Amino acid sequence: MLSTDPIDLALDPSTGDLLIASGRASLTSGVAAVVQGIRIRLQMIAGEWFLDLDAGVRYFPRDGVDARLAIFGAKFDETKAAREFRAAILATPGVLAVTQLAIDFDGRTRAMSVRWQASTVFGDTPADVLALGR
């Protein structure tokens, strides 16, 4: 696969809306497509996609997600959260390694942000932050 090959429909990173240019859907490729794929994986909750109930991050205990494995629902465990996020990033097509991963958790509001960076088949991604629960 070349870095110029279209991989996915382009989404606005701040809103998640489909990007439309001149009345046509935009496509994304290369590092930008892998970054988009990682962001989608980190936002997907395990059990929400009917075709693959195991896809996504195990945020909450539910059918198919043991409470011991869920990030929320018990006292926050940064090691468990980091393991889940690292696995989600590494499962994204095109990712070779996670080069940076940091989690900031606010126990009072139960909001969390994940800072990450990855090495991909197209090169390194820029550092990215995904705010969850804010």
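Residues numbered from 1 in each chain as written. Predicted model: local features only at pLDDT ≥ 70, side-chain atom pairs only at ≥ 80, totals over all residues. Heavy atoms only, no water.

A. Molecular detail of the environment of L11. Turning to its location among the elements, L11 is positioned in the loop between strand 1 (6–9) and strand 2 (20–21). Beyond its immediate stretch of four places on either side in the chain, L11 contacts G16, D17, L18, L19, Q36 and I40. (Helix = DSSP H or I, 4+ residues; strand = E, 2+ residues; numbered from the N terminus. Contact = heavy atoms within 4.5 Å.)

B. Quick peek at the nonpolar core. Counting 25 residues, the largest nonpolar core has I71, F85, I89, M112 and W116 as its most contacted members. When residues in this core are grouped by element, the largest group, five residues, is from helix 1 (residues 30–43). Ignoring any residue separated from it by four or fewer positions in sequence, one finds I71 in contact with V57, R58, Y59, F76, A81, E84, F85 and M112. (Core = buried A, V, L, I, M, F, W, Y, C linked by side-chain atoms within 4.5 Å. Buried < 20%, exposed > 50% of the residue type's maximum accessible area, 1.4 Å probe, protein only.)

C. Spatial organisation of the side chain of S119. By the element assignment, S119 lies in strand 6 (residues 111–120). The residues touching S119, leaving out its near neighbours within four places in the chain, are G94, V95, L96, A97, T99 and D124.

D. Molecular detail of the packing of aromatic side chains. Under the defined criterion, the tally for this structure stands at six aromatic pairs. Both rings, one in Y59 and one in F60, keep their centres 6.3 Å apart while their planes meet at 45°; by these two values the pair is tilted. Judged by relative accessible area, F60 falls into the partly exposed class, the value being 40%. Each ring, one from Y59 and one from F72, has its centre 6.2 Å from the other, and the planes form 15°; the classification is stacked. On the criterion of sequence distance, the pair formed by Y59 in the loop between helix 1 and helix 2 (78–90) and F72 in the loop between helix 1 and helix 2 is long-range, its members being 13 residues apart. Taken together, the ring pairs connect Y59, F60, F72, F76, F85 and F105 into an aromatic cluster. (Phe/Tyr/Trp six-rings, centres within 6.5 Å; stacked < 30°, edge-to-face > 60°.)

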